[in-house]
Amino acid sequence: MVRAQNGGKCRVAVLISGSGTNLQALIDAAAGEDAVFSICAVISNKPGAYGLTRAGDAGIAAVTINHRDYSDRETFDRALIEEIDCHTPDLVVLAGFMRILTPEFVRHFSGRLLNIHPSLLPKYQGLHTHARALEAGDREHGATVHFVTEELDGGPAIIQAVVLVEAGDTPDSLAGRVQRQEHVIYPLAVRWFAEGRLRMVEDRSELDGELLPRSGHRIQG
Ligand SMILES: Nc1nc2c(c(=O)[nH]1)N[C@@H](CN(C=O)c1ccc(C(=O)N[C@@H](CCC(=O)O)C(=O)O)cc1)CN2
Ligand SMILES: NCC(=O)N[C@@H]1O[C@H](COP(=O)([O-])[O-])[C@@H](O)[C@H]1O
């Protein structure tokens, strides 16, 4: 279990830019009787993001750090780091957060920084994923929870949810079904992290010889 203090609950800071439906799913999960994490802060780069209202309604500290107030990404990210660290999180999750983060920010939170991306990575990194999947004629689409690395949407995947593309789907109709799955897999991934079951390794060779606890298999190569 990550974090012994705070009633044994993992402290999670959530970064948003918009409506905050994934944030709401995390708020609801943190309110559950079997919750293993709490949300210590919500930070938006967009003033007036509805996710800030969701945080306020849940009694969670909600802060806006507007990227437009900073001359460049580096100074914006440093301000983000300073604000986030004030809340002493064990984990930082990006939930509809729409800014590309600098290497400095990613290094600072390396191994405890998650994102949910609306595609079956490594397909469709970046933006406009639903339209791209439809344009490609994909029969399957979905969402991925992954560790965040310097490579945009290139970090190790943790959980994926598959959504079948239906005849007549539009980007909006597909987005709706994908988001419903996001609201299931994101709280699950955060729970796994809080339970100490997730670890990001930089080099797979670190795992050589490691025993897999559930299966008893040992990794070779
Ligand atoms: N270094 C990383 N930063 C971020 C990652 C990551 O994996 N590594 N994930 C993204 C989340 N994301 C998709 O899941 C994403 C967010 C934003 C963008 C983007 O192009 N943003 C533009 C601004 C767009 C806007 O304001 O509407 C930008 O930053 O210039 C691409 C992918 C979060 N960051
Ligand atoms: N590249 C990042 C990205 O596109 N994230 C996507 O923003 C949507 C809105 O989330 P929200 O309702 O939780 O704010 C979510 O579908 C999420 O996958």
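Cut-off values and rules
Residues numbered from 1 in each chain as written. Chains lettered and ligands numbered in written order. Predicted model: local features only at pLDDT ≥ 70, side-chain atom pairs only at ≥ 80, totals over all residues. Heavy atoms only, no water. Axes fitted to C-alpha atoms, helices over the stretch in contact; angles between N-to-C directions. Helix = DSSP H or I, 4+ residues; strand = E, 2+ residues; numbered from the N terminus. Parallel < 35°, antiparallel > 145°, perpendicular 65-115°, else oblique. Left-handed = near helix turned anticlockwise from the far one by under 90°. Contact = heavy atoms within 4.5 Å. Nonpolar A, V, L, I, M, F, W, Y, C, P; charged D, E, K, R; others polar. Pairing = 2+ DSSP bridges.

Asker: Give a detailed account of the packing of helix 1 (residues 21-30) against helix 6 (residues 171-194), specifying residues and quantitative values.
Answerer: Viewed as axis vectors pointing N to C, helix 1 and helix 6 meet at an angle of 45 degrees, and their least axial separation amounts to 9 Å. With respect to their mutual orientation, helix 1 and helix 6 come out oblique. Relative to helix 6, helix 1 is oriented so that their crossing is right-handed. Packed against helix 1, whose contacting residues are Thr21, Asn22, Ala25, Leu26 and Ala29, the element helix 6 presents Gln179, Glu182, His183, Tyr186, Pro187 and Val190 at the interface. Grouping the amino acids of the contact of helix 1 with helix 6 by side-chain chemistry returns six nonpolar, four polar and one charged.

Asker: Go over the sheet that holds strand 2 (residues 37-44), please, and point to the residues and values.
Answerer: Within a sheet, neighbouring strands are paired by backbone hydrogen bonds and run either parallel or antiparallel to one another. If you walk across this open sheet you meet the seven strands as 3-2-1-4-5-6-7, and the pairing is mixed. A single partner strand is all that each edge strand has here, and the edge strands are strand 3 (62-64) and strand 7 (157-164). Strand-to-strand twist across the sheet, computed as the mean angle between neighbouring axes with direction ignored, equals 20 degrees. Relative to strand 5 (residues 113-117), strand 4 (residues 91-94) runs parallel, the two being bridged by three bridges. Note that in strand 5 the partner of Leu94 across the bridge is Asn115. Docked against the sheet, helix 6 engages strand 1 (10-16), strand 2, strand 4, strand 5, strand 6 (140-147) and strand 7, running at close to 155 degrees with respect to strand 7.

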